[in-house]
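Listed here are the chains, written in short residue letters.
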Amino acid sequence: MNRFFGIIAIVLMFPVVMFLTGCTGNQGDKEIVSVSIPPLKYFVDRLTDNALDVNIMVPQGASHGTYSPTAQQMRKLSDSRAYFRIGYLGYEQNFINKLKELNPTMREVNLSDYTTLIRGEAIIHGDHVHEGGIDPHIWMSPKVMLTLIPVIRDNLTELYPELEQVITENYPALLSEMESLHTKMDSLTQFLSHKRFLIFHPAMTYLARDYGLEQVSIEHQGKEPTPARLARLIRDAKAEDIPVVFIQMEYDVRNAQLVATETGAAIATINHMQYDWFASIQEIMGHFNNYLK
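The structure displayed is predicted, hence computed values, not measured ones.

1. Digging into the side chain of Ser36
Along the chain, Ser36 falls in the loop between β1 (32-35) and α2 (38-48). Using a relative accessible area of 0% as the deciding quantity, one classes Ser36 as buried. There is a polar contact of 3.4 Å between the side chain of Ser36 and the side chain of Tyr83. A distance of 3.0 Å separates the side chain of Ser36 from the backbone nitrogen of Ile86, its partner in a polar contact. In this view, Ser36 contacts Ile56, Met57, Val58, Tyr83, Phe84, Arg85, Ile86, Leu89, Tyr91 and Glu92; residues no more than four positions away in its chain are not counted.

2. Description of the packing of α2 against helix α7 (residues 164-190)
Packed helices, taken two at a time, are described by the angle between their axes plus the distance between the axes. Interaxial distance between α2 and α7 falls to 7 Å at its minimum, and their mutual angle equals 130°. Judged by the angle between their axes, α2 and α7 are oblique. On α7, the residues that touch Phe43, Arg46, Leu47 and Thr48 of α2 are Val166, Ile167, Asn170, Tyr171, Ala173, Leu174, Glu177 and Met178. For the contact of α2 with α7, a count of residues per class yields 8 nonpolar, 2 polar and 2 charged.

3. Overview of the pattern of salt bridges
Evaluation of the coordinates by the stated rule reveals 12 salt bridges. With a closest N to O distance of 2.9 Å, Asp154 and Arg153 form a salt bridge. Given the relative accessible area of 23%, Arg153 is considered partly exposed. As a salt-bridge pair, Arg235 and Asp236 come within 3.9 Å of each other at their nearest N and O atoms. Assessed through its relative accessible area of 28%, Asp236 is described here as partly exposed. Put simply, Arg196, Glu214 and Glu240 are held in one network by salt bridges that share partners.

4. Points about the packing of helix α9 (residues 227-240) against helix α10 (residues 254-263)
Orientation of α9 relative to α10, taken along the N-to-C sense of each, is 40°, at an axis distance of 9 Å. One element, α9, and the other, α10, form an angle in the oblique class. The hand of the α9/α10 crossing is right-handed. Where α9 approaches α10, its residues Leu230, Ile234, Ala237 and Lys238 are matched on the opposing element by Asn255, Leu258, Val259, Glu262 and Thr263.

5. Quick notes on the sheet that holds strand β4 (residues 107-110)
The strand order across the open sheet formed by 4 strands is β2-β1-β3-β4, and the pairing between neighbours is parallel. Because the sheet does not close on itself, it has two edges, and the strands there are β2 (53-56) and β4. Geometrically, the sheet is characterised by an average inter-axis angle of 20° between neighbouring strands, direction not taken into account. Sheet analysis places β1 next to strand β3 (residues 82-85), joined by 2 bridges and oriented parallel. Across the sheet, the residue bridging to Ser34 is Tyr83, located in β3. Helix-sheet contacts for helix α6 (residues 142-159) involve β3 and β4, and the interaxial angle to β4 is about 170°.

6. Structural notes on the environment of Asp276
Its place among the elements puts Asp276 in the loop between β10 (266-270) and α11 (277-292). Placed 233 residues apart in sequence, Asp276 and Phe43 show a C-alpha to C-alpha distance of 8.8 Å. At 3.1 Å, the side chain of Asp276 and the backbone nitrogen of Ala279 are in polar contact.

7. As for the packing of aromatic side chains
Taken as a whole and assessed by the stated rule, the structure comprises 8 aromatic pairs. Taking 5.4 Å as the distance between ring centres and 85° as the angle between the ring planes, the aromatic pair formed by Phe197 and Phe246 counts as edge-to-face. Here the residue Phe197 occupies a position in strand β7 (residues 196-199), and Phe246 occupies one in strand β9 (residues 244-248), the gap between them amounting to 49 residues. Given a relative accessible area of 0%, Phe246 falls into the buried group. An angle of 80° between the planes, with centres 5.0 Å apart, marks the rings of Trp277 and Phe278 as edge-to-face. Neither residue differs from the other here; Trp277 and Phe278 are each classed as buried. By the ring-pair criterion, three or more aromatic residues cluster together here, those being Tyr42, Phe43, Tyr275, Trp277 and Phe278.

8. Considerations on the sheet that holds β7
The sheet built from 4 strands is open, its strands ordered β8-β7-β9-β10 with parallel pairing. Each of the sheet's edge strands pairs with one partner strand only, and the pair in question is β8 (214-217) and β10. With direction set aside, neighbouring strand axes in the sheet form an average angle of 35°. Strands in contact with α10 are β7, β9 and β10; relative to β9, the strand with the most contacts, it is inclined by about 165°.

Calculation rules
- Residues numbered from 1 in each chain as written.
- Predicted model: local features only at pLDDT ≥ 70, side-chain atom pairs only at ≥ 80, totals over all residues.
- Heavy atoms only, no water.
- Helix = DSSP H or I, 4+ residues; strand = E, 2+ residues; numbered from the N terminus.
- Buried < 20%, exposed > 50% of the residue type's maximum accessible area, 1.4 Å probe, protein only.
- Polar contact = N/O pair within 3.5 Å; in protein donor to acceptor, adjacent residues only side chain to side chain.
- Contact = heavy atoms within 4.5 Å.
- Axes fitted to C-alpha atoms, helices over the stretch in contact; angles between N-to-C directions.
- Parallel < 35°, antiparallel > 145°, perpendicular 65-115°, else oblique.
- Nonpolar A, V, L, I, M, F, W, Y, C, P; charged D, E, K, R; others polar.
- Salt bridge = Lys/Arg side-chain N within 4 Å of Asp/Glu carboxyl O.
- Left-handed = near helix turned anticlockwise from the far one by under 90°.
- Pairing = 2+ DSSP bridges.
- Phe/Tyr/Trp six-rings, centres within 6.5 Å; stacked < 30°, edge-to-face > 60°.

In structure tokens form, the structure reads like this:
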């Protein structure tokens, strides 16, 4: 039902957005590019030395499954030369078919087209559905991001030729830093004594796949766990001595806290929507080192 009203709100917003666009245009001195989430803005900023006005469609702290963009965000999207999107976030599915109507000349770069996706049965996350059972959290794996950074670079260079020199100069350092992080993650996870971890919302599916770990979600298809599932999770966590439960700030974490209390596991907070992507992944590595080693 919430998704239905979200779609209606976005559809009704389009005439307002188009009116505002016609009246105001781009008031800033910078060219506008839009991205799905804060980590993508981080990469654009690093590559371009903050030369672009990067419009984030889902701000930090908001749920990427249920968030409805504001009129200002939609206006800036309509003024964007490109939109770099994750591909299967809940909010994207709500208005993606209207993008061409909003801005016929805008380039839409679906980053999910450039990596191997994790698919399963349809995943219902409360009031939104991950289409086709596709897990959307591709940005949480350094290995995946190593394949996506060249895509971001190439599209930015083509769309903003005036920034080609600065992008070319910044790319090697960014790539080297990411390769180093990937190597460290790979080395760390090979020697972990615990390969299995609990997490409230399954945001580290790709990271777990790419580095030989197993993620166990407390949520089940986006819903609060049933008492029977919760009891089974607690029983299994005790039997396997799972040492940590990861939680995210955007979600109700009471069940995660209950599991931690019943099993004696530590609670580790992560921020998968953090702007500074490197800091986010390094924080996760620190938790792995503290609790899984």
